[in-house]
Amino acid sequence: MRIGVDIDGVLTDIEQWQLDVGGKYFSTKGKKVQNPNGYEISEIFDVEEKEESLFWDDYLYDYITKEPARKYASEVIHQLRKEGNEIYIITARDYTTQHDDQGEEARTIVKQWLRQYHIEYDSIVFSPEEKLENCKKYHIDVMIEDKVDNINKISIELPVICFHASYNQKCQGKNIYCAYTWYDVYLYLQEIRQKKY
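Below is a short write-up of the structure.

About the cut-offs
- Residues numbered from 1 in each chain as written.
- Predicted model: local features only at pLDDT ≥ 70, side-chain atom pairs only at ≥ 80, totals over all residues.
- Heavy atoms only, no water.
- Helix = DSSP H or I, 4+ residues; strand = E, 2+ residues; numbered from the N terminus.
- Expected span 1.5 Å × (residues − 1).
- Buried < 20%, exposed > 50% of the residue type's maximum accessible area, 1.4 Å probe, protein only.
- Arc of directions from axis to C-beta.
- Axes fitted to C-alpha atoms, helices over the stretch in contact; angles between N-to-C directions.
- Parallel < 35°, antiparallel > 145°, perpendicular 65-115°, else oblique.
- Contact = heavy atoms within 4.5 Å.
- Nonpolar A, V, L, I, M, F, W, Y, C, P; charged D, E, K, R; others polar.

Some words on helix α5 (residues 101–116)
Taking 1.5 Å as the rise per residue, α5 with 16 residues should run 22 Å; its terminal C-alpha atoms sit 22 Å apart, in good agreement. Buried residues of α5: G103, A106, R107, I109, V110, W113 and L114, and no others. The buried residues of α5 all sit within an arc of 155 degrees when viewed along its axis, so they share a single face. Turned more than 90 degrees away from the buried face of α5, the exposed residues are D101 and R115.

What follows is the structure in structure tokens.
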């Protein structure tokens, strides 16, 4: 199978990172978590987009270089490749689709991070936010994703393993499998393979 794997929220736990680091940052401005089920910083802390941008100006580099991979992500992906599956990293991370020095640096950081945490892959796709077209273009059989819009759109065409977060807990329906750990992901992939073949 060709398995699409998102980075933020799937290979990393961006939800907890945003709560922890955002909590520290916004506490200095007297702001507490307002919506723990929010997806964006602006939703979580009920701040304007300008304040969210200032937060990311300060912390983006720290997040993309230092936040570790989820436990067992590397181990499970290694096993999946050993079993003959192809892994396609499909990420919409900021700046990676730009065709300039900033885009090149962003793509290099992603590749270095994947190496640092021993995440094996066959191909990497720097995608716009909406990933369905790239799933079709690269003949992805199943996508592992956390973003609600992507889960809902992709699941119309192919199975999606929704990596659980507070912001996506209402994602349900045909072709949607909710995973809480990377070993959940592994078992769902076995189930999907049995249905497909």
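Moving on from the model shown.
Details of the environment of E104
For E104, the position within the fold is in helix α5. A relative accessible area of 43% places E104 in the partly exposed class. Linking E104 and Y39, residues 65 residues apart in sequence, is a C-alpha distance of 27 Å.

Examining the packing of helix α3 (residues 49–66) against α5
Axis separation between α3 and α5 bottoms out at 9 Å; the angle between their running directions is 40 degrees. The angle between the axes of α3 and α5 places the two elements in the oblique class. Packed against α3, whose contacting residues are Y61, I64 and T65, the element α5 presents I109, W113 and Q116 at the interface. For the contact of α3 with α5, a count of residues per class yields 4 nonpolar, 2 polar and no charged.

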